[in-house]
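Each chain, letter by letter, is given below.
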Amino acid sequence: MGERIEDVVDVCLLAGKLMLESGGETYRVEDTMMRIAASFGLARSHSYVTPTAIIFSIEGTNSTRLIRISERSTDLAKVAVVNDISRRISRGELTLSEAREELARVAYAQPSYPLWQQTAAAALASACFASLIGGIAHFLPSLVSGGAAFWCFEMVHRLVKIRFFAEFFAAFVAGWLVLWLAKAGFGRDVANMMIGSVMPLVPGLAITNAVRDLMAGHLIAGLSRGAEAFLTAFAIGTGIAFVLSIR
């Protein structure tokens, strides 16, 4: 029985880890872990989740585990897949070993979209947003600067694990490219092009999750996600301000 409890805890922690690393809300992670445990006969479970750690225990046993979350990204496709696995477990469609195998496939799966597709989507989003607020003349320069900024963010973040520096450098590249393209005669409104170029870097998901966690009563998680979003916004603003100060 003890070994089975540990196996259930392993599955719950793996599901929670995958969701949290992929951008899931903390209250959703806690609910998913407890539902999985209840589906395998462990109804009295407790989970405590923050953006950087998960604590999970089974009441009446000596099984209490903690894992650290060091890497967080945005991959809502993985969140959806883990949610689907959780529902299948609740319906009794998956055994414990099958659930572990399904979650292991998700853990080792490649990102839903390769970097070039993400960069192309970021470039197009930047161009469309700049065109929306400033006119079609800003489409091409924002396409170039927005795509370059997102690509630089991904490359720098792979080398330097501190997101602040990656976001600062990406915003600096976006601002510098916008100024260079404007001097070359592409686009008229530098401000609108800069706004469009940094839109893929804006922490929209972090802000949304912070508000949802606060509304769900998860004050520590909500405040920490809010602080993370503030630091991202500060990094973007600092990068743009640095470019404007040396133009």
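Caption draft 1: Spotlight on the nonpolar core. Among the nonpolar cores identified, the biggest contains 31 residues, and Met-33, Ile-54 and Phe-56 are the most heavily contacted of them. If you tally residues by element for this core, the top one is helix 1 (residues 2-21), at 10 residues. One finds Ala-166, Ala-174, Met-193 and Val-198 within the second-largest nonpolar core, a separate group that totals 17 residues.

Caption draft 2: Region of interest: the sheet that holds strand 3 (residues 64-68). In spatial order, the strands read 1-2-3; together these three strands make up an open sheet with antiparallel pairing. The open sheet is flanked by strand 1 (45-50) and strand 3, the only strands paired with a single partner. When the angles between neighbouring strand axes are averaged without regard to direction, this sheet yields 10 degrees. As paired strands, strand 1 and strand 2 (residues 53-58) are joined by six bridges and run antiparallel to one another. Among the inter-strand pairings, Val-49 is bridged to a residue of strand 2, identified as Ile-54. Contacts from helix 2 (residues 26-39) reach strand 1 and strand 2, with the element oriented near 155 degrees to strand 1.

Caption draft 3: Representation of helix 9 (residues 204-215). Compared with an ideal rise of 1.5 Å per residue, which puts 12 residues at 16 Å, helix 9 spans 17 Å between its outermost C-alpha atoms and is within 8% of the ideal. Those residues of helix 9 that are buried lie in contact with helix 2 and helix 10 (219-246). Just downstream of helix 9, Gly-217 is the residue with a positive phi angle, here 90 degrees.

Caption draft 4: Region of the structure containing the pattern of salt bridges. Counted under the stated rule, the structure contains 14 salt bridges. Glu-25 is the salt-bridge partner of Arg-28, the closest N and O atoms lying 2.9 Å from each other. Taking the relative accessible area as the measure of exposure, Glu-25 reaches 5% and is therefore buried. Each of Glu-6, Asp-10 and Arg-65 takes part in a single network of salt bridges with overlapping partners.

Caption draft 5: Molecular detail of the layout of surface pockets. Of the pockets and cavities examined, the largest pocket occupies roughly 1,600 Å³. Surrounding the largest pocket, 47 residues form its lining, Ser-73, Thr-74, Asp-75, Gln-118 and Glu-154 being those nearest its centre. Broken down by secondary-structure element, the contributors of at least two residues to the lining of the largest pocket are helix 1, helix 3 (76-90), helix 5 (115-134), helix 6 (139-159), helix 7 (163-183), helix 9 and helix 10. Sorting elements by how many residues they give to the lining of the largest pocket places helix 5 first, with six residues. A breakdown of the residues in the lining of the largest pocket according to their chemical character gives 23 nonpolar, 12 polar and 12 charged. Taken as a whole, the second largest pocket holds about 150 Å³ of empty space. Thr-52, Arg-68, Ile-69, Ser-70, Glu-71, Arg-72, His-157, Lys-161, Arg-163 and Glu-228 together form the lining of the second largest pocket. Looking at the lining of the second largest pocket, its residues break down into one nonpolar, three polar and six charged.

Caption draft 6: Geometry of helix 5. With 20 residues, helix 5 should cover 28 Å at 1.5 Å per step; its first-to-last C-alpha distance of 28 Å lies within 8% of that length. Along helix 5, the residues that are buried comprise Leu-115, Thr-119, Ala-122, Ala-123, Ser-126, Ala-127, Ala-130 and Ser-131. Along the long axis of helix 5, the arc covered by the buried residues comes to 160 degrees, so they all point the same way. Packed against the buried residues of helix 5 are helix 6 and helix 8 (190-198). Phi turns positive, to about 110 degrees, at Gly-135, one or two residues after helix 5.

Caption draft 7: Fine view of the packing of aromatic side chains. Counting across every chain of the model gives five aromatic pairs. Ring plane angle 50 degrees and centroid distance 6.2 Å describe the contact between Phe-168 and Phe-242, whose orientation is recorded as tilted. Of this pair, Phe-168 sits in helix 7 while Phe-242 sits in helix 10; the two residues are 74 residues apart in sequence, bridging distant segments of the chain. By relative accessible area, Phe-168 is classed as partly exposed at 24%. Aromatic pair Phe-230 and Phe-234: ring centres 6.4 Å apart, planes at 20 degrees, arrangement stacked. Within this pair, Phe-230 and its partner Phe-234 are both found in helix 10, separated by four residues, close to a single helical turn. The exposure class assigned to Phe-230 is exposed, which follows from its relative accessible area of 57%. One aromatic cluster in this structure is built from Phe-164, Phe-165, Phe-230 and Phe-234.

Quick notes on the rules
- Residues numbered from 1 in each chain as written.
- Predicted model: local features only at pLDDT ≥ 70, side-chain atom pairs only at ≥ 80, totals over all residues.
- Heavy atoms only, no water.
- Core = buried A, V, L, I, M, F, W, Y, C linked by side-chain atoms within 4.5 Å.
- Buried < 20%, exposed > 50% of the residue type's maximum accessible area, 1.4 Å probe, protein only.
- Helix = DSSP H or I, 4+ residues; strand = E, 2+ residues; numbered from the N terminus.
- Pairing = 2+ DSSP bridges.
- Axes fitted to C-alpha atoms, helices over the stretch in contact; angles between N-to-C directions.
- Contact = heavy atoms within 4.5 Å.
- Expected span 1.5 Å × (residues − 1).
- Salt bridge = Lys/Arg side-chain N within 4 Å of Asp/Glu carboxyl O.
- 1 Å grid on protein atoms, 1.4 Å probe; cavity = no way out; pocket = protein on both sides within 12 Å on 5 of 7 lines; lining within 4 Å.
- Points joined across faces, edges and corners; volume = space filled by probe spheres on them.
- Nonpolar A, V, L, I, M, F, W, Y, C, P; charged D, E, K, R; others polar.
- Arc of directions from axis to C-beta.
- Phe/Tyr/Trp six-rings, centres within 6.5 Å; stacked < 30°, edge-to-face > 60°.

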